[in-house]
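What the coordinates show
Each chain, written out:
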Amino acid sequence: PRGRPMLEEASVSPREGGEQPGRSQSVDSCAYGKVTSEVLSRLRSALASPEDCLVTDKDELRGSYSGDRSIYGNRTPEVAILPKSTEEVSRILKICSEFRIPVTTRGAGSGLEGGAIPLLGGVVLSTENLRKMSVDAFNMHADVGAGILKNELNKFLKPKGLILGPDPASNPSLGGMVSTSGSGLSTLRYGTTRENVVSLVVVTPQGDIIKTRQKVRKASTGYELTQLYIGSEGTLGVVTEVCIRVHPLQRRRAGVVTVFPTLGSAAEAVVAILKEDRSFLVRCELLNSEMIEATNIQFDTSLDCAPTLFLEFQSNDRQGILTEWERIRKVLKRYRVRKTKFSDEEKEIDSIWGARRGCYFSAIKYRKNMKMQEKLDKIYITDVCVPIKNLAQCVVETEEDFKSLGLAGLICAHIADGNFHCFLPHQEQEKKKIKLAEGRLIERAVKFGGAVSGEHGVGVGKKKHICLEHGRSHLETQKKIKHALDPKLIMNPQKVLDIDLFHEEARSKL
């Protein structure tokens, strides 16, 4: 199984993260049915090959289906189901709806806010066997099962001269990318996952199968359900198939490493770059001094320990790349860039981006490698997104705040999107300080007109913060959508929204 090994049950309450306004009592496990022998028999009958697609072994459930990469611990489900088709998903959800069994959909388990933790037990529905993969090169889109991983799709597309636009640093499933609109390193050129999805196949909590829209550029025929399901984190239904845009694979690449005296000057330079006419700049990433230091140790690189921008240009026209880089280089000079290194060697470019993608592993070992302590750390990773005009100030204030709290704050940012990620290594006794730092970061981002999360999602970790961004009326509207589409509240309960089980509308539908 693809699930990441989990070694211990959750020590964190499912309610950690506080309450949203208007909540009197959260959905409780006592309100749900259990996977009895009768239910298990029905679930087996829903699968064409249950011997391959149904897991009941407690050790395997605990090891592979109980959590994700967040700090919110684990919960062992009663059963994990690995359907091989949309029709099997439909049959499973009809049974779960009938017996009111909670369902947690799982992709690659790479989430960072606890979205894949089955907090109330029940069924984990893993998409790993949803393996459809085809491409329509004429219309420039791919039809992909929700369980296909990002790197798998790109490997399939490469011989056809195509590439997936969104590029998360990890290797999530396509369904997982849809669940939070996780977009990654190439948003500057290709847009977010939300902007690349053409259509979805979704199974509703009642087991109905819907296609959210036709696979056309324009459609003005009712509510846009595609966008409703993107970012819903499995709380409204199960995405089983994704129709997503693909793009021509460019033959030439060039990478640039640029070193700045301060984090502020680097961020200000990015704001200036974004005002320029750009055709070939695909990636623009910022690492602060601490993250560069961690990366050098982990990946044996020899980068200057200073705020650093990584740029990548892609095109079929080498001269076009050189011309654009020269124009951007002149911009960087205005912001006191100390050093630039240009390379069009594939191996050198891949080496740098490999180190960038490995920031998570660099952060885990940072304090041990620096001999600050003997144990490996746990890593808390959080992200926010702010308007570009406020970007420099927000990033600088955040780094200063981490230092004032005595934290090793490693920053790794999709800086051209206004989206930055903070890696906070810690031991158990430092967890309160970590949550304090995150709370202050989120308040700062929202003050600047930003979002509580740019791509990690809400899950269980950021529930208490989203009211700060959206306000009470907005959240009440979201709750009405949840009640309308999932009246029995079986889909990924206790995630994203705190739903009052004893609200009159919910009680009437049990």
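Presented here is an overview of the structure given in this document.

1. Details of the overall build of the chain
- Scanning the chain from N- to C-terminus turns up 19 helices and 17 strands.
- Based on the C-alpha atoms only, the size of the chain along its principal axes is roughly 70 × 55 × 45 Å.
- Looking at the chain as a whole, 58% of its 510 residues qualify as buried.
- Considering only intrachain contacts with a sequence separation of at least 6, the fraction spanning at least 24 residues in the chain is 74%.
- On the chain, roughly 20,900 Å² of surface is accessible, and the fraction owed to carbon and sulfur atoms is 50%.
- Between the mean site of the 75 positive side-chain charges and the mean site of the 64 negative ones, the chain shows a separation of 2 Å.

2. Some remarks on the side chain of Ser343
- With respect to the helices and strands, the residue Ser343 is situated in strand β14 (residues 339-343).
- A polar contact is formed between the side chain of Ser343 and the side chain of Glu348, at a distance of 2.9 Å.
- If near-sequence neighbours (up to four positions away) are discounted, Ser343 is found in contact with Ala254, Gly255, Glu348 and Ile349.

3. Side note on the pattern of salt bridges
- The tally for this structure, following the rule as stated, stands at 31 salt bridges.
- Among the ionic pairs, Asp350 bridges to Arg253, the shortest N-O distance being 2.9 Å. One end of the pair, Asp350, is in helix α13 (residues 346-357); the other, Arg253, is in strand β11 (residues 252-259), with 97 residues separating them in the sequence.
- Residue Asp350 is classed as partly exposed on the basis of its relative accessible area of 40%.
- For Asp383, the salt bridge identified is with Lys462, shortest N-O distance 3.6 Å. Taken together, the positions of Asp383 in strand β15 (residues 378-385) and Lys462 in the loop between α16 (431-447) and α17 (466-470) put the pair 79 residues apart, joining distant regions of the chain. Taken individually, Asp383 and Lys462 each receive the classification buried, so the pair is uniform in this respect.
- A cluster of three or more residues bridged by salt bridges with shared partners is formed by Lys150, Asp167, Arg253, Arg283, Glu312, Glu346, Asp350 and Arg357.

4. Focus: the sheet that holds strand β16 (residues 410-414)
- The sheet built from seven strands is open, its strands ordered β14-β11-β13-β12-β16-β17-β15 with antiparallel pairing. Each end of this open sheet is capped by a strand with a single partner; those strands are β14 and β15. The sheet shows a mean angle of 15° between the axes of neighbouring strands, taken without regard to direction.
- Inspection of the sheet shows β15 paired to strand β17 (residues 419-426) by eight bridges, in the antiparallel sense. For Val384, the partnering residue across the bridge sits in β17 and is Phe420.
- Across the sheet, α16 is in contact with β15 and β17; its angle to β15 comes to roughly 10°.

5. Digging into the pairing of strand β4 (residues 123-126)
- Covered by surrounding structure in β4 are Val123 and Leu125 together with Val124 and Ser126, the residues of both alternating faces.
- Sheet analysis places strand β2 (residues 79-81) next to β4, joined by three bridges and oriented parallel. Looking at β4, one finds that Val79 is bridged to Val123.
- Sheet analysis places strand β3 (residues 103-106) next to β4, joined by four bridges and oriented parallel. Within β4, the residue paired with Arg106 across the bridge is Ser126.

6. Some points on α13
- With 12 residues, α13 ought to run about 16 Å at 1.5 Å a step, and its terminal C-alpha atoms sit 16 Å apart, in line with that.
- Those residues of α13 lying buried are Ile349, Ile352, Trp353, Ala355 and Arg356. When α13 is viewed along its axis, its buried side chains cluster within an angular range of 155° and face the same direction.

7. Topic: the layout of surface pockets
- By volume, the second largest pocket amounts to about 930 Å³.
- If you go around the second largest pocket, you meet 45 residues; those closest to its centre are Arg194, Ile230, Gly231, Val458 and His470.
- Secondary-structure elements contributing two or more residues to the lining of the second largest pocket are α9 (225-229), α17 and α18 (472-485).
- Examining the composition of the lining of the second largest pocket, we find that four residues originate from one element, α18, more than from any other.
- Along the lines of polarity and charge, the residues of the lining of the second largest pocket split into 16 nonpolar, 21 polar and eight charged.

8. Regarding the packing of helix α10 (residues 263-273) against helix α12 (residues 318-333)
- It is at 9 Å that the axes of α10 and α12 come closest, and there the two elements cross at 140°. Classified by the angle their axes make, α10 and α12 are oblique. You can see that α10 and α12 cross each other, and the crossing is right-handed. Along the contact surface, α10 presents Ala269, Ala272 and Ile273, while α12 presents Ile328, Val331 and Leu332.

9. Digging into the sheet that holds β3
- Pairing is mixed in the open sheet, where four strands are placed in the order β1-β2-β4-β3. If you trace the sheet from one side to the other, it starts and ends with β1 (54-55) and β3, each paired once.
- With respect to the sheet, helix α4 (residues 86-99) is in contact with β2, β3 and β4, its orientation differing from that of β4 by roughly 165°.

10. Section: the nonpolar core
- Counting residues in each nonpolar core, the largest one holds 52 residues, and the members touching the most others are Cys284, Leu311, Phe313, Ile328, Leu332, Ile415 and Phe420.
- Beyond its immediate stretch of four places on either side in the chain, Cys284 contacts Leu188, Val270, Leu309, Phe310, Leu311, Ala413, His414, Ile415 and Ala416.
- By size, the runner-up hydrophobic cluster in this structure holds 39 residues, among which are Leu82, Leu93, Leu120 and Met491.

Definitions and limits used
All chains use their own residue numbering, which begins from 1 and follows the written sequence. Local features in this predicted model are restricted to residues of pLDDT 70 or higher, and side-chain atom pairs are both shown and tallied only at a pLDDT of 80 or more, whereas totals for entire chains, interfaces and linings draw on every residue. Here the side-chain values reflect all heavy atoms present in the structure, with hydrogen atoms and water set aside. Under the DSSP-based scheme used, a helix requires at least four consecutive residues in state H or I and a strand at least two consecutive residues in state E, with every element numbered from the N terminus. Buried, partly exposed and exposed residues are distinguished by accessible area as a fraction of the type maximum, computed with a 1.4 Å probe on protein chains only: under 20%, between the cut-offs, and over 50%, respectively. Note on definitions: a residue-residue contact is assigned when non-hydrogen atoms from the two residues lie within 4.5 Å. Each accessible area value is a Shrake-Rupley result obtained with a 1.4 Å probe; residue values ignore everything except the protein chains displayed when judging cover. Counting rule for charge: Lys and Arg are taken as positive, Asp and Glu as negative, and neither His nor the chain ends is counted. Every charge is mapped onto a representative atom, which is NZ of Lys, CZ of Arg, CG of Asp or CD of Glu. We define a polar contact as two N or O atoms separated by no more than 3.5 Å, with the added condition that, inside protein, one atom must be a possible hydrogen donor and the other a possible acceptor, whereas residues neighbouring each other in sequence contribute only through side-chain atom pairs. Each salt bridge in this description consists of a side-chain nitrogen of Lys or Arg and a carboxyl oxygen of Asp or Glu lying within 4 Å of one another. For two strands to count as paired, DSSP must find a minimum of two bridges between them. Note on definitions: angles span 0 to 180 degrees between N-to-C directions of axes, and those axes are lines fitted to C-alpha atoms, for helices only across the stretch in contact. Expected helix span is computed as 1.5 Å times (number of residues minus one). Our arc is simply the arc of the directions from the helix axis toward the C-beta atoms. Cavity means a closed set of points on a 1 Å grid over the protein atoms alone, one where a 1.4 Å probe fits but cannot get out, pocket means an open set with protein on both sides within 12 Å along at least 5 of 7 lines, and lining means a residue has an atom within 4 Å of a point. Grid points are joined across faces, edges and corners, and a volume is the space filled by probe spheres set on the points. Think of it as three bins: nonpolar holds Ala, Val, Leu, Ile, Met, Phe, Trp, Tyr, Cys and Pro, charged holds Asp, Glu, Lys and Arg, and polar takes everything else, Gly as well. By the definition adopted for this analysis, an angle is roughly parallel if under 35 degrees, roughly antiparallel if over 145, roughly perpendicular if from 65 to 115, and oblique otherwise. Crossings are classed by handedness, with left-handed meaning an anticlockwise turn of the near helix from the far one by less than a right angle and right-handed meaning a clockwise turn. To define a nonpolar core, start from buried Ala, Val, Leu, Ile, Met, Phe, Trp, Tyr and Cys residues and group those joined through side-chain atoms within 4.5 Å.

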